[in-house]
Amino acid sequence: MTPIPPAAAVVIEAAIDDYRVETRADQQTPAGLVDRIAEYLLSSGYTIRPDLSEAA
């Protein structure tokens, strides 16, 4: 597994914080949080790709 760069971790933390503040607690879902994290990472220039090392 590739370690997460510190700058990406900061982006992820910001996405989590914003999701929790902007989304009502009764509407928060794991999938919604993942979508927000992906949105923030992509808009920050990171590439998201599946980890295929364990597939097979």
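Here the structure is a predicted model, which is why all the values come from computation and not from measurement. (Residues numbered from 1 in each chain as written. Predicted model: local features only at pLDDT ≥ 70, side-chain atom pairs only at ≥ 80, totals over all residues. Heavy atoms only, no water.)

A. A look at the environment of Y46. Within the secondary structure, Y46 is located in the segment after α2 (30-43). Ignoring anything within four residues of it in the chain, the contact list for Y46 reads A7, A8, V11 and L41. A distance of 3.2 Å separates a polar side-chain atom of Y46 from the backbone nitrogen of A8. (Helix = DSSP H or I, 4+ residues; strand = E, 2+ residues; numbered from the N terminus. Contact = heavy atoms within 4.5 Å. Polar contact = N/O pair within 3.5 Å; in protein donor to acceptor, adjacent residues only side chain to side chain.)

B. Spotlight on the pattern of salt bridges. Counted under the stated rule, the structure contains 2 salt bridges. Put simply, E22 and R36 hold a salt bridge, and the shortest N to O gap is 2.8 Å. In this pair, E22 sits in helix α1 (residues 6-22) while R36 sits in helix α2, placing the two residues 14 residues apart along the sequence. Take E22: its relative accessible area is 53%, and that puts it in the exposed class. Among the residues examined, R36 registers a relative accessible area of 16% and is labelled buried. Among the salt bridges present, the one from R24 reaches D26, with a minimum N-O distance of 2.8 Å. Exposure remark for R24: the relative accessible area of 52% places this residue in the exposed category. (Salt bridge = Lys/Arg side-chain N within 4 Å of Asp/Glu carboxyl O. Buried < 20%, exposed > 50% of the residue type's maximum accessible area, 1.4 Å probe, protein only.)

Limitation: the analysis is restricted to geometry and does not speak to function.
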